[in-house]
Amino acid sequence: MTTPRFPLPVLGTSVRPEPTAVELPDEASLAPGREPGSEHGYGRTYWRSVEEQLHGEAALPHRDQEFPPGAFDAPKGFARRDFLQLMGASVALAGLTACTEKPVEKILAYTRAPDGMVPGNPLHYATALMNDGMAAGILATSWEGRPVKVEGNPTHPVSRGTTGPHAQAELATLYDPFRARVLKERGAGRSWRGFREAMRQRSAAWEKDGGAGLRFLLAPSSSLLTASLRDAITQRFPKARFHAWSATPRDSVYEGTTLAFGKALEPHHVLEKADVVLSLDADFLEARADTVDQNLGFANRRDPRHPQGMNRLYVVEPRFSITGGMADHRLRLRSADIEGFTLALAAELGKTVPALAGYRSPAAIGGERAKFISAVAKDLAGRRGTSLVIAGERQTAVTHAVAHAINAGLGNLGATVTFTEPAVLDTATGRAGWEPLVEELRAGKVDTLVITAWNPVFTAPGDVDLQGLLKKVPNAIYLGLHDDETSRAVNWFLPAAHPFESWGDARSREGTLSIVQPLIQPLFGGISEAELLGAFLTDETKPYDRLKALHAERAKSDFDSEWETWLASGVVPGTASSAVTPALQADKVRAAVAQLRPPPGGLALELVHDYKILDGRYALNSWLQELPDPITKITWDNVAQVGPGLAKEMGIEHGDLLLLTLSGRSVQVPAWVQPGHSDEAVTVSIGYGRKQQTLGVKDADEPVVVGHDVYPLRSAAQPWFATGLEVKKVGRSYPLSHTQVHNSTEGRPIALMQSIEEFEKHPEAPELRPPVKLAGGKELEGSTLASVQLGVDYSKQQYKWAMAVDMSRCTGCSACVVACQAENNIPVVGKYQVGRGREMQWIRMDRYYSGTAESPEMVNQPMFCQHCETAPCEYVCPVNATVHSDEGLNDMVYNRCIGTRYCSNNCPYKVRHFNYLHWTQDKSQVEKMLMNPDVTVRARGVMEKCTYCVQRIERTRIAARIENRAIGDGELRTACQQVCPTNALTFGSLHDPKSKVSERHADPRRFDVLHELNTRPRTVYLTKIKNPNPELG
Amino acid sequence: MAAEHAAAADAADSLDTAPLMLGKQDNTTLTGNLLAHVWARPDKGWLLSFLIALSGSGALALAITVTLVEGIGAWGNNIPVGWAFDITNFVWWIGIGHAGTLISAILFLFQQRWRTAINRFSEAMTIFAVMCAGLFPLLHTGRPWFAYFMFPYPSTLQMWPQFKSPLIWDVFAVSTYFTVSLLFWYLGLIPDLASLRDASKSTLQRKVYGIFALGWRGSGRHWHNYKVGYLLLAGLSTPLVVSVHTIVSFDFAVSLIPGWHTTIFPPYFVAGAVFSGFAMVMSWMVPARHFLGLKHVITMRHLENMNKIILATGMLVSYGYLMEHFIAWYSGNQFEWFVFFNRATGPYRGVYYLMLFCNVLTPQIFWFKRARTSIPIMFIASILVNVGMWCERFVIIVTSLHRDFLPASWDMYYPTWVDITLFLGTIGFFSTLFLLFLKFIPAVAVSEVKELNEELQHRPAPITVVTGA
Amino acid sequence: MPLFPRWTNTVSRLSGVILLALPAVAIAGLMIVVRSTWGTKQDREVVQPIEFDHRHHVGDEGIDCRYCHYTVEKSPYPGMPSTTICMSCHAQVWNKSPLLSLVREYYFKDRPIPWNSVHNLPDYVYFNHAIHVNKGVGCVTCHGRVDQMALVNQAAPLSMGWCVDCHRNPEPQLRPVEFITSMTWKPDPSVDRQRLGAQLAQQYNVHTRISCDTCHR
């Protein structure tokens, strides 16, 4: 791969006008020496180096040089670290400084310094990211115009300053060097102007027939800009049609409300108010961008000291989900049986709740399930107005409707569940949405199909041969980030601009509008959806101007100044849609229920969207691929999860390849024996099985197939689950890389979990703490660096940094793992190396099971450097490379480390990670842009570990000291703490008795892991408390 | 064999089970037959084995190159198993180095006559073993080119090594041990190099041996200084025999990992070291005395005594195992107990049982005189003990690390081809040096043997150690 | 006839001496080299693309450092002047001078001037100008008499030891912030330097740290 060329980042304030349509270079014009893109409307264009400017691409270093990558790159602007960080570290750390003269570094000043920017200090821009059309507000940290970190926007009602793993990993997609760069017509490079010209010629024909053959297949969206463009297009071509497609549709939610209330509505679950929650196959705690707010509401009620007391969570689901892991009681049930379960519950409630009288379950339910149902019913009935039943997106409309009926019957409507008009433009994004389109395609009625939905050829259900159908379309156009299955099936492929590269707008689930502003100039000259749609209109207004025009009337006073504040705050005030209180159409629901028949028995196939790569759209994101799945801990693969019973019956073991056959179509998937999984079902996640090349993977220079594709098993009619699955063992085994091989605590008191009664009777935690002071009342301290730092009295320092983890709140969503990876330049090592136990993530999300394999209980324990006051790693290091700071940090000094690995051997928590290979070698220019300039990039042969984000501490400290003040509590947050959707992590100084971390350290639930070793960790844990129902206990 | 037993019958000393020297020897015969193998042209056997050994050294060079170019990632090590083959080999080789100093120093001070014939042999072994051992501490670091950070020198960083770390102690212990052993060995060589010089046929040989003989003329003054120096070095290296492996054992004992954090380690490691050291000497001496025709000076008496020591140290090692397990149980510490439970039942149990068989059962056979004096048995036994001692180090290092405190961090270790090549390579390197030694230097301290011969002839003659007073 | 001639005795003795002396000399030599101005690169002459003379601008014209290095008080980096700043004066004065033709070219072609950096810290060292300047460490303390340098060179060794020395005992290096950029400020000889320093440290709340994470992250 040659060094990618890209125009330089956006600089300065956010009000810069939209770029004039980027002249996409033809293949020919990509040749070296081409003048870099002129004024893109983003103010001046600054280039990487004088060499490039004077001698063009040829002058730039290539990877086949003897020195580490970048050794001779000239830095850009002031950010000399930015581009030299990696090389500097590798040269220095690799010890080459000993034998080579370091090249004289260039300092390139701006010709005109952008206003508002102080080189060396990052800026933060507010924007928004969409997941299936619904937005979460984010803040992007930008260094000299280079976004390197994403945080949640505190002012945004959904993200509330936090994000899930996907938003954190978004940057790895933005800087993916394998993103598409060239606009192609049938494989031949074309320019954007050429494309527009081609469309202009065709539009004449459309204007005659009103665009009868003009069809659009868009991704789900809530963008008002897109909406206005769609209107404009339909005005010009009345017969043109728009369809929306997502492989993870939320149709059933809207169909459910339509059935229950007569119109499509967006339900919102107020978990903070709910005392009893029943999840019907709803994984509502998975921290997705559009639902991340639910985590905090729920977590607040897991605190035994919450004024309303702890909530209680019942979960009914086939597989073991994050939500299932948090459940107080869990029932394994095939998705197909959950309809029946819901009705049986309604029936049971009907005995006490008149509004629910007359419901009947199609099949008789007995035994354990009946017991469960009666207990749940009792609990729910006892908590009218403060209970909540949530149906999952994979469930049928009827389940949703009945769930609404139950909520209505229990008086929860408007209390624990509220409704608004949907923010998305299309409520039908699944089968209903595109069935008509598929019909027209079959009939060959479509002349032009514009696709912006993500890779429909790949995500189409097995019984729809979209690839074949596209052949019938003379003029198929696809806008995508990567060259993929769809791009190969169409005749026009346009490289898409990343949301961080384009102007737009988006609405959150409850309607709040955010302006999407570009953080950087299109790296590969991509085109935004708005630009593409604009190409079908006569006026050539830029999306940026359309956007301003569109929202102009929102301004109460001076538009420009308000626009500024909207951009700065990331939300447009007063745009949240008002809650509606719908009336339940009980008779309609009953009618629908009456037609239900009990589902056929036997094995069921359960398809789920993958926790990490969703429907596959993040498949090329190496951070997410390497993220261990919160439940299975598998990286770089999807698996067929089978229950322990079925596994025993069929003799299935981890990694056995299974042949799954459903209605004639079959695929091979490696098995995974999952405790707590239903024995009547097999769960597989979609989105895998594509041949791909992924950023930063040491052992994958060649494209490799990652995981196994199960879309063929999917049918348009039954997208999520289907009965009648046949499972055969192939007889071969498939290697899986997972980060945790042992799942039990072996009875060791390391991850405490207590029921609330036990806890109130006798909290175990205090027994697991060290004496506060040692004999003589002296505060213990770690080995200070005698040669540089003479003995320090730790109690006398200004700050005493410490951390506390509330395991009651932690769902294991692993957003912190990715956030840490982004903040600290942690490398990706690839499947093979993970399999060899060399993963580098500084946070290891330890997951332990207890109880039986059929109904296990799960406890999550994020494990990272404990910053022990008497750290075992420190006294064994021969060269003083890991020593204590005066404020109690266990410093790891990379440039002093010689890599004996003794510290890791002697670390009882095994939270140190060693650079066994030169993970950071051979990084392309684009990948280097991802690096955080405040953190050293580690080279081969050095140890690394959690530093409590020391770079943040030092920045905040210096800022505070310049102002001659102390760092306030909460002013300084570590990356993991900042992202955590449930506030499970706290960081601060123990010298401040009122700080949150001091509070948690004093909590009766606080305990120290392995306290008996007297390591005196500064990171402590709070016991996980559960609230089981005595009746089921 | 039969001949040796017959000879044993008319032993000079009726208390001696077997004579220290067979037949009537005088200085001329001794000079002749002890230097013979140096003058003899290398035979096919030697050439063949040297070729094999040399290729082994080649493999070592390759493995080292790969390690330096690729990084430690070329090995199987991971987190939690940060040390594996590398440190296992280090400890094993250091241990093997122990026989030499023990024989030359301690047995010398205890005036054990039978050491004379075998000390040269085992000292050479010490030096070569320590050379092999020394490779690993350097190679196993992630960035060997910065290894100089471990030495205390006034740097512009104002940084010093961390003297609390056992690894620093290692640096000094091992280098001291190597230096002293080398001097000791060379000092003993000087008179023999001189006799080689004098017996040389060609001028070149004469000159070469002459240079290394450092102008030895065998004058009374020379002999006097020689004896004094020899005694001093013996005194110096005696504590080293104990200290080196004690300090190596600190690498583990000082940590807090269950299975490492054990106060019994120092004595138990030293015993193990002598155990493996003698075994290695045995494995080489049996063939060597046969092929080099040294049976008359390295007699069954020597071999038997060594077997007795192997038995004794073997018992010590077994006691070490026993105590480890007992304390693990008695301590009531669940982490500690789990480690030993895991050694016996975990994924690496095979190595564990092999270790028990080789180190505990095998030496027991030496309770029987028939076994002690049977060449094939002692040869096989010595090989087994070497295998067993390697397994012991592997068990201690890998099984303790791969499952320690937090079950979520547990993982497995599998060696790569580089690991294995490195290990076999050092054996090849060791053999190369040793074969060269056997070719160019008298494998037996001629002068000392002559001295011993005098004593044996005019007995009762107390062995007098000239102290220079 | 002896095997070796007489003179070989001398040779053998000599070789013995050399054997012992060589390592000692070599090590000592290295120690000296890394401390020499060559080892610290202090004597390295870094030629700049444009003949900018600090003697003239700082010395003769008495322009304050912060006029050009404008971010030194708020950013880790001192801030290299953008070409606009050069032109703000040189649009009026010397606007025909051939010495400045290159500056004008860079300015009008909108290309940055490729200065060569003189003070090069390794990238794993995070030095922050703002905190030092705000706490009374003057420019001249580390950069030397720039007003007397035709071509700026590295005045201080910039070795870790050098940093740590000052961090251990900052008082003698402190000066009133109003003189922070002064090249010529000298403490009033009547007052005790250490006492003055202590007093300033008090006033500016100077708290030097020598934990590793102060500079290495």
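Quick caveat, the model's predicted, so the values are computed rather than measured.

Engineer: A description of the overall build of chain C should follow, citing residues and the corresponding values.
Structural biologist: Broken down by element type, chain C carries nine helices and one strand. Starting at the N terminus and ending at the C terminus, chain C contains elements arranged as α-α-α-α-α-β-α-α-α-α. Computed over the C-alpha atoms, the radius of gyration of chain C is 25 Å, more than 25% above the 17 Å expected from 2.2 N^0.38 for a compact globule of 217 residues. Expressed as lengths along the three principal axes of its C-alpha atoms, the size of chain C is roughly 95 × 50 × 40 Å.

Engineer: Outline the overall build of chain A, listing residues and values.
Structural biologist: Broken down by element type, chain A carries 30 helices and 42 strands. In chain A, buried positions account for 68% of the 1033 residues. Considering only contacts in chain A between residues 6 or more positions apart, those separated by 24 or more positions represent 76%. Accessible area for chain A stands at about 31700 Å²; split by element, carbon and sulfur atoms hold 54% of it.

Engineer: Break down the interface of chain B and chain A for me, citing the residues and quoting the values.
Structural biologist: Counting residues at the interface gives 58 residues for chain B, matched by 62 residues for chain A. When chain B packs against chain A, close to 4900 Å² is buried across both sides, 56% of that on carbon and sulfur atoms. A per-residue breakdown of the area chain B buries against chain A is headed by Ile79(B), Arg143(B) and Leu406(B), which together make up 16% of the total. Between Lys910(A) and Asp404(B) there is a salt bridge, with its nearest N and O atoms 2.8 Å apart.

Engineer: Explain the sheet that holds strand E4 (residues 146-152) of chain A to me, using residue names and the numbers behind them.
Structural biologist: All names here are of chain A. Read from one edge to the other, the open sheet built from three strands follows the order E2-E3-E4, with strand pairing classed as antiparallel. Sheet topology places strand E2 (123-131) and E4 at the edges, where each strand pairs with a single neighbour. Pairs of neighbouring strands in the sheet enclose a mean axial angle of 35°, with direction left out of account. Two strands pair when backbone bridges link them, and strand E3 (residues 134-143) and E4 are joined in this way by six bridges, in the antiparallel orientation. Residue pairing in the sheet places leucine 139 in a bridge with glutamate 151 of E4. Lying on the sheet, helix H3 (residues 165-174) is in contact with E2 and E4; it crosses E4 at an angle near 160°.

Engineer: Give a description of the pattern of salt bridges that names residues and reports values.
Structural biologist: All names here are of chain A. Under the criterion given, the structure shown has 76 salt bridges over all chains. Note that arginine 196 and glutamate 540 form a salt bridge whose closest N and O atoms lie 3.4 Å from each other. Here arginine 196 is found in helix H4 (residues 192-209), whereas its partner glutamate 540 is found in the loop between helix H16 (529-534) and helix H17 (543-551), with 344 residues between them in sequence. Among the residues examined, glutamate 540 registers a relative accessible area of 45% and is labelled partly exposed. Ionic pairing is found between aspartate 328 and arginine 302, a salt bridge with its closest N-O pair at 2.8 Å. Taken together, the positions of aspartate 328 in the loop between helix H8 (322-326) and strand E12 (329-332) and arginine 302 in the loop between helix H7 (293-300) and strand E11 (312-317) put the pair 26 residues apart, joining distant regions of the chain. What makes aspartate 328 buried here is its relative accessible area of 8%. Accessibility expressed as a relative area gives 1% for arginine 302, which makes it buried.

Engineer: Account for the packing of helix H10 (residues 265-291) of chain B against helix H11 (residues 300-331) of chain B, with residues named and values stated.
Structural biologist: Each pair of packed helices gets described by two things: the angle between the helix axes and the distance between those axes. All names here are of chain B. Their axes nearest at 8 Å, the elements H10 and H11 cross at an angle of 150°. The orientation of H10 relative to H11 falls into the category roughly antiparallel. The handedness of the crossing between H10 and H11 is left-handed. Grouping the amino acids of the contact of H10 with H11 by side-chain chemistry returns 18 nonpolar, five polar and two charged.

Engineer: Give me the lowdown on the nonpolar core, citing residues and values where you can.
Structural biologist: Of all hydrophobic cores here, the largest spans 306 residues; its most connected members are Leu278(A), Leu349(A), Trp93(B), Phe121(B) and Phe434(B). Within the second largest apolar cluster, 53 residues are counted, among which are Val464(A), Tyr478(A), Leu662(A) and Leu713(A).

Engineer: Outline the side chain of Glu944(A), supporting the account with residue identities and numerical values.
Structural biologist: Residue and element names in this part refer to chain A. Here glutamate 944 shows up in strand E38 (residues 943-944). Exposure remark for glutamate 944: the relative accessible area of 0% places this residue in the buried category. A distance of 2.9 Å separates the side chain of glutamate 944 from the side chain of tryptophan 842, its partner in a polar contact. Apart from residues no more than four positions distant in its own chain, glutamate 944 is found in contact with Ile826, Pro827, Met840, Trp842, Met892, Tyr894, Arg912, His913, Asn915 and Arg938.

Engineer: Provide a residue-level description of the packing of aromatic side chains, including the pertinent values.
Structural biologist: A complete count under the given rule lists 72 aromatic pairs over all chains for this structure. Seen from their ring centres, Tyr107(C) and Phe108(C) are 5.1 Å apart, and the 80° between their planes marks the pair as edge-to-face. What makes Phe108(C) exposed here is its relative accessible area of 62%. The ring of Phe338(B) carries the charged tip of Arg748(A) above its face, separated from the ring centre by 5.0 Å. Taking NZ or CZ as reference, Arg838(A) lies 4.7 Å from the ring centre of Tyr916(A), over its face.

Engineer: How would you summarise the interface of chain C and chain A if you had to cite specific residues and measurements?
Structural biologist: Contacts between the two partners involve 53 residues from chain C, matched on the other side by 58 residues from chain A. Buried area between chain C and chain A, summed over both chains or domains, comes out near 5100 Å², and the portion from carbon and sulfur atoms is 53%. Broken down residue by residue, the surface that chain C buries against chain A is led by Tyr77(C), Asp123(C) and Arg217(C), which jointly contribute 17%. Inspection of the region where chain C meets chain A yields four salt bridges. Where chain C packs against chain A, one counts 20 residue pairs in polar contact (both at pLDDT 80 or more).

Engineer: Run through unusual backbone geometry, naming residues and quoting values.
Structural biologist: With omega at 15°, the peptide bond leading from Ile79(B) into Pro80(B) counts as cis. For Pro80(B), the location among the structural elements is in the loop between helix H3 (44-70) and helix H4 (85-96). With phi around 50°, Lys910(A) is a residue other than glycine that occupies positive phi space. With respect to the secondary-structure elements, Lys910(A) resides in the loop between helix H26 (902-905) and strand E37 (913-914).

Engineer: Account for H7(A), with residues named and values stated.
Structural biologist: All names here are of chain A. In terms of burial, H7 is largely enclosed, as eight of its eight residues are buried. When we look at burial in H7, the residues that qualify are Asp293, Gln294, Asn295, Leu296, Gly297, Phe298, Ala299 and Asn300. Contacts from the buried residues of H7 go to strand E9 (266-269), E11 and H8.

Engineer: With reference to specific residues and values, describe the sheet that holds strand E5 (residues 184-185) of chain A.
Structural biologist: Neighbouring strands of a sheet are bound in pairs by backbone hydrogen bonds; such pairs are parallel or else antiparallel. Residues and elements named next belong to chain A. Overall, mixed pairing links the seven strands, which are arranged E6-E5-E17-E16-E15-E7-E8 in an open sheet. The open sheet has two free edges, formed respectively by strand E6 (188-189) and strand E8 (241-244), since each of these has just one partner strand. By the bridge criterion, two bridges tie E5 to strand E17 (residues 492-495) in an arrangement that is antiparallel. Residue pairing in the sheet places lysine 184 in a bridge with phenylalanine 493 of E17.

Engineer: Please give an account of the environment of Pro220(A) that cites residues and values.
Structural biologist: Residues and elements named next belong to chain A. Its location among the elements puts proline 220 in the loop between strand E7 (214-218) and helix H5 (224-236). Each C-alpha atom of the pair proline 220 and alanine 428 lies 9.0 Å from the other, and the pair is 208 residues apart in sequence. Discounting chain neighbours no more than four positions away, the residues touching proline 220 are Asp132, Gly133, Trp245, Ser246 and Thr429.

Engineer: Any chance you could break down the confidence of the model for chain C for me, citing the residues and the numbers?
Structural biologist: Where the model shows low pLDDT, its predicted coordinates should not be examined in detail. Residue and element names in this part refer to chain C. The share of residues in chain C with pLDDT of 70 or more is 100%, and the mean pLDDT across the chain is 88. Mean pLDDT across the elements of chain C bottoms out in helix H2 (residues 54-60) (86) and peaks in helix H6 (residues 129-134) (93). For this predicted complex, the interface confidence score (ipTM) comes to 0.89, while the overall pTM stands at 0.87.

Engineer: Break down helix H5 (residues 98-109) of chain B for me, with residues and values.
Structural biologist: Residue and element names in this part refer to chain B. Its twelve residues give H5 an end-to-end C-alpha distance of 16 Å, which sits within 8% of 16 Å, the value for a rise of 1.5 Å per residue. Taken residue by residue, H5 has His98, Ala99, Gly100, Thr101, Leu102, Ile103, Ser104, Ala105, Ile106, Leu107 and Phe108 as its buried positions. If you follow the buried residues of H5, they end up packed against H4, helix H6 (116-139), helix H7 (166-199), helix H9 (220-253) and H10. Of the residues one or two after H5, glutamine 111 is the one with positive phi, at around 55°.

Engineer: Give me the packing of H7(B) against H9(B): which residues, what numbers.
Structural biologist: Residues and elements named next belong to chain B. At a minimum axis separation of 8 Å, H7 and H9 run at an interaxial angle of 155°. Relative to H9, H7 is oriented roughly antiparallel. Crossing angle aside, the handedness with which H7 passes H9 is left-handed. When the residues that make up the contact of H7 with H9 are grouped by side-chain class, the tally is 20 nonpolar, four polar and two charged.

Conventions used here
Residues numbered from 1 in each chain as written. Chains lettered and ligands numbered in written order. Predicted model: local features only at pLDDT ≥ 70, side-chain atom pairs only at ≥ 80, totals over all residues. Heavy atoms only, no water. Helix = DSSP H or I, 4+ residues; strand = E, 2+ residues; numbered from the N terminus. Rg over C-alpha atoms; globule rule 2.2 N^0.38 Å. Buried < 20%, exposed > 50% of the residue type's maximum accessible area, 1.4 Å probe, protein only. Contact = heavy atoms within 4.5 Å. Areas by Shrake-Rupley, 256 points an atom, 1.4 Å probe, with all protein chains shown as cover. Buried area = accessible area lost by both parts, 1.4 Å probe. Salt bridge = Lys/Arg side-chain N within 4 Å of Asp/Glu carboxyl O. Pairing = 2+ DSSP bridges. Axes fitted to C-alpha atoms, helices over the stretch in contact; angles between N-to-C directions. Parallel < 35°, antiparallel > 145°, perpendicular 65-115°, else oblique. Left-handed = near helix turned anticlockwise from the far one by under 90°. Nonpolar A, V, L, I, M, F, W, Y, C, P; charged D, E, K, R; others polar. Core = buried A, V, L, I, M, F, W, Y, C linked by side-chain atoms within 4.5 Å. Polar contact = N/O pair within 3.5 Å; in protein donor to acceptor, adjacent residues only side chain to side chain. Phe/Tyr/Trp six-rings, centres within 6.5 Å; stacked < 30°, edge-to-face > 60°. Lys NZ or Arg CZ within 6 Å of the ring centre and 35° of its normal. pLDDT = per-residue confidence, 0-100. Expected span 1.5 Å × (residues − 1).

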